[in-house]
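# Notes for the structure review
Here is what each chain is made of, one letter per residue.
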Amino acid sequence: MENFCYSIRTKIYFGKGQIHNLGNAIKNYGDKVLIVYGGGSIKKIGLYDRMINILNENNITYKELSGVDPNPRIESVREGAKICRENDIQVVLAVGGGSTIDCAKVIAAAVHYENDPWDLVKNPIKITKALPIVTVLTLAATGSEMNKNAVISNMSINEKVGTASELIKPKVSIMDPEYTYSVSKYQTAAGTADIMSHIFENYFTHTEAVDIQDSTAEGLLRTCIKYGKIAVEDPTNYDARANLMWASSWAINGLISYGTKNIGWTVHPMEHELSAYYDITHGVGLAILTPHWMKYSLNNSTVNKLAQYGINVWGIDKNLDKFEIANKAIDKTSQFFKELGIPMTLREVGINEEKFEIMAEKVTAKGKLGTLYPLTKEDVINIYKMSL
Ligand code: NZQ
Ligand code: ZN
(Lines give C-alpha, C1' and ligand atoms only; values in the text may rest on other atoms or scores of the structure.)
(Ligands and ions follow the chains in the order given, each with its own letter.)
Protein backbone atom coordinates (compact mmCIF):
# COMPACT_ATOMS: atom_id res chain seq x y z
CA MET A 1 0.00 0.00 0.00
CA GLU A 2 1.20 3.52 -0.81
CA ASN A 3 1.48 6.34 1.73
CA PHE A 4 -1.46 8.71 2.00
CA CYS A 5 -2.94 11.58 3.95
CA TYR A 6 -6.51 10.95 5.10
CA SER A 7 -8.58 14.11 4.85
CA ILE A 8 -12.36 14.04 4.54
CA ARG A 9 -13.68 16.95 6.48
CA THR A 10 -17.20 17.29 5.18
CA LYS A 11 -19.84 16.93 7.86
CA ILE A 12 -22.70 14.79 6.56
CA TYR A 13 -26.30 14.86 7.74
CA PHE A 14 -27.77 11.76 6.09
CA GLY A 15 -31.37 10.61 6.01
CA LYS A 16 -35.00 11.66 6.11
CA GLY A 17 -35.73 15.15 7.35
CA GLN A 18 -32.11 16.15 7.87
CA ILE A 19 -32.82 19.49 6.22
CA HIS A 20 -33.78 20.78 9.67
CA ASN A 21 -30.04 21.09 10.31
CA LEU A 22 -29.60 23.58 7.50
CA GLY A 23 -29.97 26.76 9.57
CA ASN A 24 -27.36 25.80 12.12
CA ALA A 25 -25.05 24.41 9.48
CA ILE A 26 -25.01 27.75 7.69
CA LYS A 27 -24.86 29.94 10.79
CA ASN A 28 -21.56 28.39 11.83
CA TYR A 29 -20.09 30.22 8.85
CA GLY A 30 -22.21 33.34 8.33
CA ASP A 31 -25.66 34.71 7.70
CA LYS A 32 -25.47 36.00 4.14
CA VAL A 33 -25.93 33.24 1.61
CA LEU A 34 -25.83 32.76 -2.13
CA ILE A 35 -28.22 29.94 -3.07
CA VAL A 36 -27.08 28.17 -6.23
CA TYR A 37 -29.48 25.86 -8.06
CA GLY A 38 -30.35 24.47 -11.47
CA GLY A 39 -33.38 24.53 -13.73
CA GLY A 40 -36.10 24.24 -11.13
CA SER A 41 -36.33 20.63 -9.98
CA ILE A 42 -35.85 21.80 -6.39
CA LYS A 43 -39.01 23.90 -6.69
CA LYS A 44 -41.06 20.99 -8.05
CA ILE A 45 -40.20 18.79 -5.07
CA GLY A 46 -40.92 21.48 -2.48
CA LEU A 47 -37.33 21.69 -1.32
CA TYR A 48 -36.91 25.31 -2.36
CA ASP A 49 -39.83 26.50 -0.20
CA ARG A 50 -38.71 24.44 2.78
CA MET A 51 -35.22 25.85 2.49
CA ILE A 52 -36.40 29.47 2.22
CA ASN A 53 -38.52 28.99 5.35
CA ILE A 54 -35.51 27.70 7.23
CA LEU A 55 -33.36 30.62 6.09
CA ASN A 56 -36.03 33.10 7.16
CA GLU A 57 -36.55 31.43 10.54
CA ASN A 58 -32.80 31.69 11.15
CA ASN A 59 -32.49 35.33 9.98
CA ILE A 60 -30.22 34.29 7.17
CA THR A 61 -30.41 36.66 4.20
CA TYR A 62 -29.92 35.32 0.71
CA LYS A 63 -29.36 36.03 -2.98
CA GLU A 64 -29.91 33.48 -5.72
CA LEU A 65 -28.17 32.14 -8.79
CA SER A 66 -30.53 29.83 -10.66
CA GLY A 67 -30.41 28.11 -14.04
CA VAL A 68 -27.09 26.31 -13.58
CA ASP A 69 -26.90 23.94 -16.56
CA PRO A 70 -26.08 20.24 -16.46
CA ASN A 71 -22.39 20.42 -17.45
CA PRO A 72 -22.16 23.78 -15.64
CA ARG A 73 -20.82 26.71 -17.60
CA ILE A 74 -18.07 29.14 -16.71
CA GLU A 75 -20.55 31.98 -17.40
CA SER A 76 -22.60 30.87 -14.35
CA VAL A 77 -19.45 30.90 -12.23
CA ARG A 78 -18.65 34.45 -13.32
CA GLU A 79 -22.19 35.59 -12.55
CA GLY A 80 -22.24 33.89 -9.15
CA ALA A 81 -18.91 35.40 -8.09
CA LYS A 82 -20.16 38.85 -9.07
CA ILE A 83 -23.31 38.45 -6.96
CA CYS A 84 -21.19 37.32 -4.00
CA ARG A 85 -18.88 40.32 -4.21
CA GLU A 86 -21.69 42.83 -4.64
CA ASN A 87 -23.58 41.46 -1.63
CA ASP A 88 -20.84 40.51 0.82
CA ILE A 89 -21.92 36.88 0.68
CA GLN A 90 -20.40 34.71 3.42
CA VAL A 91 -21.57 31.19 2.52
CA VAL A 92 -22.35 29.50 -0.80
CA LEU A 93 -25.29 27.10 -0.56
CA ALA A 94 -25.58 24.61 -3.43
CA VAL A 95 -28.90 22.79 -3.78
CA GLY A 96 -29.05 20.17 -6.52
CA GLY A 97 -26.90 17.66 -8.35
CA GLY A 98 -23.23 17.64 -9.18
CA SER A 99 -23.48 20.45 -11.71
CA THR A 100 -24.91 22.85 -9.17
CA ILE A 101 -22.41 21.85 -6.50
CA ASP A 102 -19.45 22.10 -8.87
CA CYS A 103 -20.56 25.53 -10.02
CA ALA A 104 -20.94 26.65 -6.38
CA LYS A 105 -17.45 25.39 -5.55
CA VAL A 106 -15.76 27.44 -8.21
CA ILE A 107 -17.90 30.47 -7.38
CA ALA A 108 -16.71 30.19 -3.77
CA ALA A 109 -13.11 30.31 -4.94
CA ALA A 110 -13.66 32.91 -7.64
CA VAL A 111 -14.92 35.46 -5.12
CA HIS A 112 -11.35 35.83 -3.88
CA TYR A 113 -9.75 35.81 -7.30
CA GLU A 114 -9.53 39.06 -9.20
CA ASN A 115 -9.01 37.68 -12.71
CA ASP A 116 -11.21 35.41 -14.81
CA PRO A 117 -12.35 32.29 -12.88
CA TRP A 118 -11.55 30.07 -15.87
CA ASP A 119 -7.94 30.38 -14.61
CA LEU A 120 -9.00 28.52 -11.43
CA VAL A 121 -10.45 25.70 -13.50
CA LYS A 122 -7.36 25.35 -15.65
CA ASN A 123 -4.91 25.82 -12.82
CA PRO A 124 -6.05 24.65 -9.35
CA ILE A 125 -2.94 26.13 -7.68
CA LYS A 126 -4.51 29.53 -8.21
CA ILE A 127 -7.26 28.59 -5.72
CA THR A 128 -5.86 30.12 -2.54
CA LYS A 129 -9.03 30.95 -0.61
CA ALA A 130 -12.72 30.12 -0.84
CA LEU A 131 -15.98 30.91 0.87
CA PRO A 132 -17.42 28.03 2.93
CA ILE A 133 -19.73 25.76 0.94
CA VAL A 134 -22.85 23.98 2.24
CA THR A 135 -24.72 21.58 -0.03
CA VAL A 136 -28.11 19.90 -0.19
CA LEU A 137 -27.79 16.97 -2.57
CA THR A 138 -30.68 15.96 -4.84
CA LEU A 139 -29.06 13.46 -7.24
CA ALA A 140 -26.78 10.53 -6.45
CA ALA A 141 -23.94 10.49 -8.96
CA THR A 142 -20.87 12.67 -8.79
CA GLY A 143 -19.83 12.56 -5.13
CA SER A 144 -19.22 16.28 -5.35
CA GLU A 145 -21.00 16.65 -1.99
CA MET A 146 -18.00 15.11 -0.24
CA ASN A 147 -14.99 15.75 -2.44
CA LYS A 148 -12.65 18.49 -3.60
CA ASN A 149 -13.41 18.33 -7.33
CA ALA A 150 -15.37 20.59 -9.63
CA VAL A 151 -15.86 20.18 -13.36
CA ILE A 152 -16.71 23.27 -15.42
CA SER A 153 -17.40 23.66 -19.13
CA ASN A 154 -16.32 26.47 -21.42
CA MET A 155 -18.38 25.70 -24.51
CA SER A 156 -16.95 28.64 -26.48
CA ILE A 157 -13.65 26.74 -26.71
CA ASN A 158 -15.09 23.20 -26.32
CA GLU A 159 -13.34 22.54 -23.06
CA LYS A 160 -14.67 20.70 -20.02
CA VAL A 161 -12.06 20.70 -17.28
CA GLY A 162 -11.85 19.44 -13.72
CA THR A 163 -10.22 21.45 -10.98
CA ALA A 164 -9.60 20.39 -7.39
CA SER A 165 -8.70 21.93 -4.06
CA GLU A 166 -9.16 21.04 -0.40
CA LEU A 167 -10.41 24.61 -0.04
CA ILE A 168 -13.56 23.90 -2.04
CA LYS A 169 -14.56 20.73 -0.24
CA PRO A 170 -18.05 21.31 1.20
CA LYS A 171 -18.07 22.04 4.94
CA VAL A 172 -21.47 20.43 5.37
CA SER A 173 -23.66 18.31 3.08
CA ILE A 174 -27.26 17.36 3.73
CA MET A 175 -28.16 14.09 2.04
CA ASP A 176 -31.82 13.10 2.18
CA PRO A 177 -32.48 10.19 -0.20
CA GLU A 178 -36.15 11.21 -0.46
CA TYR A 179 -35.06 14.25 -2.47
CA THR A 180 -33.91 11.87 -5.19
CA TYR A 181 -37.31 10.18 -5.64
CA SER A 182 -38.10 12.60 -8.46
CA VAL A 183 -34.90 12.00 -10.42
CA SER A 184 -35.86 10.64 -13.86
CA LYS A 185 -35.09 7.07 -14.88
CA TYR A 186 -32.54 8.40 -17.35
CA GLN A 187 -30.68 10.48 -14.76
CA THR A 188 -30.93 7.67 -12.19
CA ALA A 189 -29.32 5.27 -14.66
CA ALA A 190 -26.69 7.83 -15.65
CA GLY A 191 -25.96 8.56 -11.99
CA THR A 192 -25.51 4.86 -11.25
CA ALA A 193 -23.12 4.51 -14.18
CA ASP A 194 -21.19 7.55 -12.96
CA ILE A 195 -20.81 6.12 -9.45
CA MET A 196 -19.63 2.81 -10.90
CA SER A 197 -17.18 4.56 -13.19
CA HIS A 198 -15.63 6.43 -10.26
CA ILE A 199 -15.13 3.08 -8.58
CA PHE A 200 -13.64 1.54 -11.74
CA GLU A 201 -11.23 4.44 -12.15
CA ASN A 202 -9.95 3.84 -8.62
CA TYR A 203 -10.10 0.05 -8.64
CA PHE A 204 -8.35 -0.78 -11.90
CA THR A 205 -4.77 -0.12 -10.88
CA HIS A 206 -1.81 -2.45 -10.54
CA THR A 207 -1.30 -1.78 -6.83
CA GLU A 208 -0.68 -4.95 -4.84
CA ALA A 209 -2.13 -5.78 -1.41
CA VAL A 210 -4.83 -3.14 -1.19
CA ASP A 211 -7.46 -5.56 0.05
CA ILE A 212 -9.27 -2.91 2.09
CA GLN A 213 -9.68 -0.63 -0.89
CA ASP A 214 -10.47 -3.46 -3.32
CA SER A 215 -13.06 -5.17 -1.17
CA THR A 216 -14.72 -1.85 -0.36
CA ALA A 217 -14.81 -1.01 -4.06
CA GLU A 218 -16.28 -4.42 -4.91
CA GLY A 219 -18.97 -4.00 -2.24
CA LEU A 220 -19.85 -0.57 -3.58
CA LEU A 221 -20.12 -1.97 -7.11
CA ARG A 222 -22.42 -4.76 -5.95
CA THR A 223 -24.51 -2.11 -4.17
CA CYS A 224 -24.85 -0.07 -7.38
CA ILE A 225 -25.78 -3.14 -9.41
CA LYS A 226 -28.42 -4.22 -6.90
CA TYR A 227 -29.97 -0.86 -6.14
CA GLY A 228 -29.45 0.92 -9.47
CA LYS A 229 -31.93 -1.46 -11.03
CA ILE A 230 -34.40 -1.14 -8.17
CA ALA A 231 -34.25 2.68 -8.21
CA VAL A 232 -34.93 2.78 -11.96
CA GLU A 233 -37.91 0.43 -11.60
CA ASP A 234 -39.21 1.78 -8.29
CA PRO A 235 -38.12 5.44 -7.93
CA THR A 236 -39.52 5.90 -4.43
CA ASN A 237 -37.79 2.88 -2.93
CA TYR A 238 -36.02 4.47 0.04
CA ASP A 239 -33.43 1.75 0.53
CA ALA A 240 -32.40 1.90 -3.12
CA ARG A 241 -32.12 5.69 -3.11
CA ALA A 242 -30.26 5.68 0.22
CA ASN A 243 -27.73 3.07 -0.85
CA LEU A 244 -27.05 4.82 -4.14
CA MET A 245 -26.69 8.16 -2.42
CA TRP A 246 -24.14 6.97 0.10
CA ALA A 247 -22.33 4.94 -2.57
CA SER A 248 -21.99 8.11 -4.65
CA SER A 249 -20.05 9.77 -1.83
CA TRP A 250 -17.85 6.80 -1.03
CA ALA A 251 -16.93 6.14 -4.63
CA ILE A 252 -14.97 9.35 -4.92
CA ASN A 253 -14.31 10.80 -1.46
CA GLY A 254 -10.86 9.21 -1.23
CA LEU A 255 -11.63 6.13 0.82
CA ILE A 256 -11.10 3.68 -2.03
CA SER A 257 -8.22 5.54 -3.64
CA TYR A 258 -6.06 6.27 -0.60
CA GLY A 259 -3.09 3.91 -0.69
CA THR A 260 -3.44 2.92 -4.34
CA LYS A 261 -1.00 3.86 -7.08
CA ASN A 262 -3.10 5.72 -9.60
CA ILE A 263 -1.40 7.87 -12.18
CA GLY A 264 -4.61 9.14 -13.65
CA TRP A 265 -8.13 8.29 -14.72
CA THR A 266 -9.03 7.02 -18.18
CA VAL A 267 -12.69 6.93 -19.10
CA HIS A 268 -13.52 10.22 -17.38
CA PRO A 269 -11.14 12.37 -19.42
CA MET A 270 -12.35 10.58 -22.58
CA GLU A 271 -15.96 11.32 -21.62
CA HIS A 272 -15.27 14.93 -20.75
CA GLU A 273 -14.19 15.45 -24.35
CA LEU A 274 -17.53 14.04 -25.54
CA SER A 275 -19.41 16.40 -23.21
CA ALA A 276 -17.25 19.35 -24.21
CA TYR A 277 -18.16 18.93 -27.89
CA TYR A 278 -21.62 17.38 -27.71
CA ASP A 279 -22.98 18.41 -24.28
CA ILE A 280 -24.13 14.85 -23.47
CA THR A 281 -25.07 13.50 -20.03
CA HIS A 282 -21.83 12.57 -18.24
CA GLY A 283 -22.93 9.17 -16.90
CA VAL A 284 -24.33 8.10 -20.26
CA GLY A 285 -21.03 8.85 -22.00
CA LEU A 286 -19.21 6.84 -19.33
CA ALA A 287 -21.54 3.86 -19.68
CA ILE A 288 -21.03 3.79 -23.45
CA LEU A 289 -17.23 3.94 -23.26
CA THR A 290 -16.60 1.73 -20.23
CA PRO A 291 -17.14 -1.80 -21.64
CA HIS A 292 -15.07 -0.94 -24.74
CA TRP A 293 -12.28 0.50 -22.60
CA MET A 294 -12.30 -2.70 -20.52
CA LYS A 295 -12.20 -4.91 -23.63
CA TYR A 296 -9.43 -2.83 -25.17
CA SER A 297 -7.38 -2.96 -21.96
CA LEU A 298 -7.63 -6.71 -21.50
CA ASN A 299 -4.23 -8.37 -21.88
CA ASN A 300 -1.81 -10.52 -19.91
CA SER A 301 -0.90 -7.73 -17.51
CA THR A 302 -4.49 -6.63 -16.79
CA VAL A 303 -6.39 -9.91 -16.89
CA ASN A 304 -5.96 -10.73 -13.21
CA LYS A 305 -7.67 -7.55 -12.04
CA LEU A 306 -10.48 -7.86 -14.57
CA ALA A 307 -11.00 -11.49 -13.53
CA GLN A 308 -11.01 -10.44 -9.85
CA TYR A 309 -13.75 -7.96 -10.76
CA GLY A 310 -15.71 -10.74 -12.50
CA ILE A 311 -15.46 -13.13 -9.56
CA ASN A 312 -16.04 -10.70 -6.70
CA VAL A 313 -18.58 -8.37 -8.29
CA TRP A 314 -20.48 -10.54 -10.75
CA GLY A 315 -20.07 -13.89 -8.99
CA ILE A 316 -18.51 -15.59 -12.02
CA ASP A 317 -17.10 -19.08 -11.41
CA LYS A 318 -13.48 -18.67 -10.33
CA ASN A 319 -12.53 -22.03 -11.86
CA LEU A 320 -13.01 -20.78 -15.42
CA ASP A 321 -10.12 -19.53 -17.52
CA LYS A 322 -9.24 -16.01 -16.36
CA PHE A 323 -9.69 -14.45 -19.81
CA GLU A 324 -13.11 -16.06 -20.02
CA ILE A 325 -14.01 -14.62 -16.61
CA ALA A 326 -12.80 -11.17 -17.64
CA ASN A 327 -14.76 -11.25 -20.90
CA LYS A 328 -17.91 -12.42 -19.15
CA ALA A 329 -17.54 -9.62 -16.61
CA ILE A 330 -17.21 -7.02 -19.35
CA ASP A 331 -20.30 -8.37 -21.13
CA LYS A 332 -22.25 -8.31 -17.87
CA THR A 333 -21.21 -4.69 -17.30
CA SER A 334 -22.47 -3.70 -20.74
CA GLN A 335 -25.69 -5.69 -20.33
CA PHE A 336 -26.34 -4.06 -16.95
CA PHE A 337 -26.10 -0.53 -18.36
CA LYS A 338 -28.39 -1.57 -21.23
CA GLU A 339 -30.96 -2.94 -18.79
CA LEU A 340 -30.92 0.38 -16.93
CA GLY A 341 -32.10 1.93 -20.20
CA ILE A 342 -28.91 3.70 -21.19
CA PRO A 343 -28.32 4.14 -24.93
CA MET A 344 -25.15 2.15 -25.46
CA THR A 345 -23.69 3.63 -28.65
CA LEU A 346 -22.26 7.06 -29.39
CA ARG A 347 -24.47 7.36 -32.49
CA GLU A 348 -27.57 7.11 -30.31
CA VAL A 349 -26.50 10.25 -28.45
CA GLY A 350 -25.71 12.14 -31.65
CA ILE A 351 -21.96 11.57 -31.88
CA ASN A 352 -20.14 10.51 -35.07
CA GLU A 353 -16.47 10.13 -36.02
CA GLU A 354 -15.97 13.74 -36.99
CA LYS A 355 -14.23 14.92 -33.79
CA PHE A 356 -12.48 11.71 -32.70
CA GLU A 357 -9.07 12.90 -33.85
CA ILE A 358 -9.19 16.28 -32.08
CA MET A 359 -10.72 14.83 -28.92
CA ALA A 360 -8.07 12.11 -28.72
CA GLU A 361 -5.37 14.67 -29.41
CA LYS A 362 -6.58 16.88 -26.55
CA VAL A 363 -7.04 14.09 -24.05
CA THR A 364 -3.53 12.70 -24.57
CA ALA A 365 -1.80 16.08 -24.92
CA LYS A 366 0.12 15.54 -21.67
CA GLY A 367 1.03 11.93 -22.40
CA LYS A 368 -0.55 8.50 -22.16
CA LEU A 369 -3.90 8.27 -20.48
CA GLY A 370 -4.78 6.24 -17.40
CA THR A 371 -3.38 3.62 -15.08
CA LEU A 372 -4.54 0.09 -15.91
CA TYR A 373 -3.43 0.13 -19.53
CA PRO A 374 -2.08 3.60 -20.43
CA LEU A 375 -3.64 4.72 -23.71
CA THR A 376 -2.01 6.55 -26.61
CA LYS A 377 -3.90 8.89 -28.90
CA GLU A 378 -4.43 6.00 -31.35
CA ASP A 379 -5.80 3.82 -28.56
CA VAL A 380 -8.29 6.52 -27.60
CA ILE A 381 -9.44 6.85 -31.22
CA ASN A 382 -9.87 3.09 -31.42
CA ILE A 383 -12.02 3.02 -28.27
CA TYR A 384 -14.17 5.89 -29.57
CA LYS A 385 -14.60 3.93 -32.81
CA MET A 386 -15.54 0.75 -30.98
CA SER A 387 -18.18 2.79 -29.09
CA LEU A 388 -19.89 4.21 -32.22
O1 NZQ B 1 -31.29 21.59 -13.08
P2 NZQ B 1 -32.36 20.87 -12.33
O3 NZQ B 1 -33.71 21.40 -12.61
O4 NZQ B 1 -32.06 20.73 -10.88
O5 NZQ B 1 -32.43 19.39 -12.98
C6 NZQ B 1 -31.34 18.47 -12.90
C7 NZQ B 1 -30.64 18.27 -14.24
O8 NZQ B 1 -31.50 18.50 -15.33
C9 NZQ B 1 -31.90 17.10 -12.64
N10 NZQ B 1 -32.12 16.85 -11.22
C11 NZQ B 1 -31.26 16.98 -10.18
N12 NZQ B 1 -31.85 16.61 -9.04
C13 NZQ B 1 -33.13 16.26 -9.36
C14 NZQ B 1 -33.31 16.42 -10.73
N15 NZQ B 1 -34.47 16.17 -11.36
C16 NZQ B 1 -35.49 15.75 -10.60
N17 NZQ B 1 -35.39 15.55 -9.26
C18 NZQ B 1 -34.24 15.80 -8.60
N19 NZQ B 1 -34.15 15.57 -7.30
O20 NZQ B 1 -30.94 16.20 -13.15
C21 NZQ B 1 -30.29 16.80 -14.25
C22 NZQ B 1 -28.80 16.55 -14.15
O23 NZQ B 1 -28.27 17.23 -13.03
P24 NZQ B 1 -26.68 17.36 -12.85
O25 NZQ B 1 -26.41 18.13 -11.63
O26 NZQ B 1 -26.08 17.84 -14.13
O27 NZQ B 1 -26.26 15.83 -12.70
P28 NZQ B 1 -25.02 15.17 -12.01
O29 NZQ B 1 -25.18 15.16 -10.54
O30 NZQ B 1 -24.85 13.88 -12.68
O31 NZQ B 1 -23.79 16.14 -12.34
C32 NZQ B 1 -23.11 16.06 -13.57
C33 NZQ B 1 -21.95 17.03 -13.61
O34 NZQ B 1 -20.97 16.72 -12.60
C35 NZQ B 1 -19.68 16.50 -13.22
C36 NZQ B 1 -20.07 16.00 -14.58
O37 NZQ B 1 -19.01 16.06 -15.50
C38 NZQ B 1 -21.22 16.93 -14.94
O39 NZQ B 1 -20.73 18.18 -15.31
N40 NZQ B 1 -18.86 15.63 -12.39
C41 NZQ B 1 -18.43 16.10 -11.21
C42 NZQ B 1 -17.59 15.38 -10.39
C43 NZQ B 1 -17.11 15.89 -9.11
N44 NZQ B 1 -17.40 17.11 -8.74
O45 NZQ B 1 -16.41 15.17 -8.38
C46 NZQ B 1 -17.11 14.05 -10.78
C47 NZQ B 1 -17.87 13.45 -11.88
O48 NZQ B 1 -17.04 12.48 -12.50
C49 NZQ B 1 -18.37 14.39 -12.91
O50 NZQ B 1 -17.39 14.67 -13.89
ZN1 ZN C 1 -18.02 10.95 -13.09
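Every value quoted in this text rests on a predicted model; they were computed, and no experiment measured them.

## As for the domain arrangement of the chain
Its domain assignment divides the chain into domain 1 (11-179) and domain 2 (183-386). Look at where the C-alpha atoms of domain 1 and domain 2 centre, and you get two points 27 Å apart. Approximately 2,200 Å² of surface area, both sides summed, lies buried where domain 1 meets domain 2, with 62% of it carried by carbon and sulfur atoms. At the boundary of domain 1 with domain 2, the tally comes to one salt bridge.

## With respect to the packing of helix α8 (residues 211-233) against helix α9 (residues 238-251)
Put simply, α8 and α9 touch, their axes get as near as 9 Å, and they point 145° apart. Where α8 crosses over α9, the two elements pack in a sense that is left-handed. Only D239, A240, R241, N243, L244, A247, W250 and A251 of α9 make contact with α8, whose side of the interface consists of T216, L220, T223, C224, Y227, G228, I230 and A231. A class-by-class count of the residues in the contact of α8 with α9 yields 10 nonpolar, four polar and two charged.

## Details of the sheet that holds strand β8 (residues 172-175)
One open sheet holds the six strands; their spatial order is β1-β8-β5-β4-β2-β3, and the pairing between them is parallel. The open sheet has two edge strands, β1 (11-14) and β3 (61-65), and neither has a second partner. Pairwise comparison of adjacent strand axes, ignoring direction, gives a mean angle of 20° for this sheet. In this sheet, strand β4 (residues 91-96) lies alongside strand β2 (residues 32-37) in parallel orientation, the contact comprising five bridges. Opposite Y37, over in β4, you have V95 as the bridge partner.

## Side note on unusual backbone geometry
A positive phi is found at D88, a non-glycine position, where the angle reads about 50°. The topology assignment puts D88 in the loop between α4 (74-86) and β4. Non-glycine residue D279 carries a positive phi angle of around 55°. By secondary structure assignment, the location of D279 is in the loop between α10 (267-278) and α11 (282-297). Looking at D279, the relative accessible area reads 36%, which means it is partly exposed.

## Here we look at the packing of aromatic side chains
Geometry of an aromatic ring pair is reported as the spacing of the ring centres plus the angle between the planes. Tallied over the entire structure, the rule returns 14 aromatic pairs. Consider the rings of Y6 and Y258, whose centres lie 5.9 Å apart with planes at 50°: the pair is tilted. Linking Y6 in the segment before β1 with Y258 in the loop between α9 and α10, this pair joins segments that are 252 residues apart in sequence. Taking the centre distance of 6.1 Å and the plane angle of 70° together, the rings of W246 and W250 count as edge-to-face. With W246 and W250 both in helix α9 and four residues apart, this pair spans about one turn of that helix. Exposure remark for W246: the relative accessible area of 33% places this residue in the partly exposed category. With relative accessibility at 28%, the residue W250 sits in the partly exposed group. Here the aromatic cluster, defined as three or more aromatic residues joined through ring pairs, consists of F200, Y203, F204, W293 and Y309.

Rules used in this analysis
- Residues numbered from 1 in each chain as written.
- Chains lettered and ligands numbered in written order.
- Predicted model: local features only at pLDDT ≥ 70, side-chain atom pairs only at ≥ 80, totals over all residues.
- Heavy atoms only, no water.
- Domains from an automatic or database assignment.
- Buried area = accessible area lost by both parts, 1.4 Å probe.
- Salt bridge = Lys/Arg side-chain N within 4 Å of Asp/Glu carboxyl O.
- Axes fitted to C-alpha atoms, helices over the stretch in contact; angles between N-to-C directions.
- Helix = DSSP H or I, 4+ residues; strand = E, 2+ residues; numbered from the N terminus.
- Left-handed = near helix turned anticlockwise from the far one by under 90°.
- Contact = heavy atoms within 4.5 Å.
- Nonpolar A, V, L, I, M, F, W, Y, C, P; charged D, E, K, R; others polar.
- Pairing = 2+ DSSP bridges.
- Buried < 20%, exposed > 50% of the residue type's maximum accessible area, 1.4 Å probe, protein only.
- Phe/Tyr/Trp six-rings, centres within 6.5 Å; stacked < 30°, edge-to-face > 60°.

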